[in-house]
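Residues per chain, in single letters:
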There are 2 protein chains.
Amino acid sequence: MTSQPTAARGVTGRVRMSPEHRREQLLDLGVRLLATRSYEELSIDLLAQEAGISRGLLYHYFGNKQDFHEAVIRRAVQDLVEQTAPPPIDDAAERMLASVRAYVDYVEANHEGYLSLVKGAAGGNETVRQLYEAGRTTLTDRIFLEDAGQNLPDTPAARLMVHAWSALVEDLVLSWVRDPAGVSKDDLVLAAASSLPGLVELLH
Amino acid sequence: MTSQPTAARGVTGRVRMSPEHRREQLLDLGVRLLATRSYEELSIDLLAQEAGISRGLLYHYFGNKQDFHEAVIRRAVQDLVEQTAPPPIDDAAERMLASVRAYVDYVEANHEGYLSLVKGAAGGNETVRQLYEAGRTTLTDRIFLEDAGQNLPDTPAARLMVHAWSALVEDLVLSWVRDPAGVSKDDLVLAAASSLPGLVELLH
């Protein structure tokens, strides 16, 4: 019964698509809309309008606005983690530079949504905070697995500093996107990436 | 007419106090209560109870809950700026260490309220954000005036990095208060303070 609306649309001439595929497509659209909006501005109405489908169908896929927002944010965090994955190149410093550059590109391309994620995370929305922290943990853990590979000692103290470094990079990049202060993207990426070993050296 | 409640209390045996003095005293109490609470938890009722005065009198002093919260947060930020002022000692590195140590002490002593300030600032409460940013600007500007005095170049790029450094220190200290990860306060303070020159060197 619950899949009837989708089947009906298939019959009326639209490309028939599995509910899972359709849901994924709607999530992709939600993430694209989030690039230039805060998630408070990302309404079911807006998504319905952009997708050319009814609100009712969206509720069928996502339950309610809260569930929809969480699904979009989960997908956005997943995109961030995937897009900043270190490329398979041998040189560790180059891998780190490529990963930080991908992060800067991501924040540039998704500024409003990312800022909204950071704000929501800090602002007490518990689910957003958990999704954001999970993403940040994935990024931080990766530093010790493969990203840096600069012989960082994997100690609790080093992890404390790597977490703080990620706050530095986040602040640096968000400030830079707002006002580059005469700094080129190359210089920004180099400064952010190369600051890590010295910081960990100070506390491990 | 509006000062009558205070005068009446004076007559009933309490120490007579000017309205300004009384208001300051209530703000001090508000800041002390905020040390172990978020400011969402800091209610007029709680303050009235702790101060032993009526809600009505509090509204007389502070207008409404929003105004009261703003006054308390303004005072808390002022306390932070004052308590972390660099002491009048000659050695620049020692001044910086003393200032960072005072910051760690402040965050330790006022953990809940400070976390709440940071969250409120990031979470979209516009007035809290402005108060927090103003405090942070004061702290950041001071780096170039006297705190560090380590011949930091005062360029837009250097200010970008000093702002990011303050995000690093904030994250480092808040994480450390939650879980010290085997790091002593001395080591934490030294790492936070000594990281700045190298970071600015990377971007100026």
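One numbering rule holds for all chains: residues counted from 1, following each sequence as written. Following the order in which they are written, the chains are lettered starting with A and the ligands numbered starting with 1. Local features are withheld for residues below a pLDDT of 70 in this predicted model, meaning they are given only at 70 or higher, and side-chain atom pairs are given and counted only at 80 or more; totals for whole chains, interfaces and linings count all residues. Processing note: side-chain calculations cover all non-hydrogen atoms of the structure and skip hydrogens and water entirely.

Describing the overall build of chain A
Helix and strand counts for chain A come out as 10 helices and 0 strands. Labels follow the DSSP assignment, with helices taken as runs of H or I lasting at least four residues and strands as runs of E lasting at least two, numbered in each case from the N terminus. Across chain A, helices and strands are ordered from the amino to the carboxyl terminus as α-α-α-α-α-α-α-α-α-α. Exposure classes here rest on a 1.4 Å probe applied to the protein chains alone. A residue is buried below 20% of its type maximum, exposed above 50%, and partly exposed in between. Residues counted as buried form 50% of the 204 residues belonging to chain A. Note on contacts: a residue pair qualifies if any of its non-hydrogen atoms lie within 4.5 Å across the two residues. Within chain A, contacts between residues at least 6 apart in sequence are counted, and of these 69% link residues at least 24 apart. All accessible-area figures derive from a Shrake-Rupley calculation using a 1.4 Å probe, and residue coverage is judged against the displayed protein chains alone. Split by element, the accessible area of chain A, about 9,700 Å² in all, is 51% carbon and sulfur.

Observations concerning the relation of the copies chain A and chain B
When chain A is fitted onto chain B, the two copies agree to an RMSD of 0.1 Å after a turn of 180 degrees and an axial shift of 0.0 Å. Viewed as a symmetry operation, the transformation between the two copies matches a two-fold axis. The share of interface residues of chain A whose copies in chain B are also at the interface is 100%, consistent with both copies meeting through the same surface. We superpose the copies by least squares over the C-alpha atoms of residues that have a pLDDT of at least 70 in both of them.

Observations concerning unusual backbone geometry
Backbone geometry places A181(A), a non-glycine residue, at a positive phi of 55 degrees. The residue A181(A) is located in the loop between helix 9 (156–178) and helix 10 (185–202) in this model.

Topic: the interface of chain A and chain B
Each side of the interface is counted separately: chain A has 29 residues, and chain B has 29 residues. Throughout, buried area stands for the accessible area (probe radius 1.4 Å) lost by two parts on being put together, summed over both. Both faces considered, chain A and chain B share a buried interface measuring about 2,300 Å² in area, 79% of it formed by carbon and sulfur atoms. The largest contributions to the chain A side of the interface with chain B come from L160(A), L168(A) and D171(A), which together make up 23% of the buried area. Put simply, a salt bridge is a Lys or Arg side-chain nitrogen that is within 4 Å of an Asp or Glu carboxyl oxygen. Summed over the shared surface of chain A and chain B, the result is 2 salt bridges. Taking the shortest distance from any N to any O, the salt bridge between R136(B) and D171(A) comes out at 3.4 Å. Broken down by secondary-structure element, the contributors of at least two residues to the side of chain A that touches chain B are helix 7 (111–122), helix 9 and helix 10 of chain A. Under the grouping applied here, Gly and all other residues not named as nonpolar or charged are polar, the nonpolar ones being Ala, Val, Leu, Ile, Met, Phe, Trp, Tyr, Cys and Pro and the charged ones Asp, Glu, Lys and Arg. Its residues placed into classes, the side of chain A that touches chain B shows 19 nonpolar, 5 polar and 5 charged.

Concerning helix 2 (residues 19–34) of chain B
Expected helix span is computed as 1.5 Å times (number of residues minus one). With 16 residues, helix 2 of chain B should cover 22 Å at 1.5 Å per step; its first-to-last C-alpha distance of 22 Å lies within 8% of that length. Burial in helix 2 of chain B covers these residues: R22(B), L26(B), L27(B), L29(B), G30(B), V31(B), L33(B) and L34(B).

Side note on the confidence of the model for chain A
Residues and elements named next belong to chain A. Looking at any residue, its pLDDT shows the predictor's confidence there, from 0 to 100. For chain A, the mean per-residue pLDDT works out to 85, and 88% of the residues sit at or above 70. Mean pLDDT values for the elements of chain A range from 43 in helix 1 (residues 4–11) up to 96 in helix 10. Every residue in residues 1–12 is under pLDDT 50, and counting partners more than four places away or in other chains gives 12 contacts. Here the prediction assigns the complex a pTM of 0.84, and the interface score ipTM is 0.83.

Focus: the packing of helix 9 of chain A against helix 10 of chain A
Residues and elements named next belong to chain A. One can describe the packing of helix 9 onto helix 10 by two numbers: an axis separation of 10 Å at closest approach and a directional angle of 165 degrees. As judged from the angle between their axes, helix 9 and helix 10 are roughly antiparallel. As for how helix 9 packs across helix 10, the hand of that crossing is right-handed. Of helix 10, the residues touching helix 9 (which contributes A158, M161, V162, W165, L168, V169, L172, V173 and W176) are K185, L188, A192, A193, S195, L196, L199 and V200. Of the residues contributing to the contact of helix 9 with helix 10, the split by class is 15 nonpolar, 1 polar and 1 charged. Whenever a helix is involved, its axis is fitted only over the stretch in contact; in every case the axis is a line through C-alpha atoms, and angles between N-to-C directions fall within 0 to 180 degrees. Here is the rule for angles: anything less than 35 degrees is roughly parallel, anything more than 145 is roughly antiparallel, 65 through 115 is roughly perpendicular, and the remaining ranges are oblique. When the near helix sits turned anticlockwise from the far one by under a right angle, the crossing is termed left-handed; a clockwise turn instead gives a right-handed crossing.

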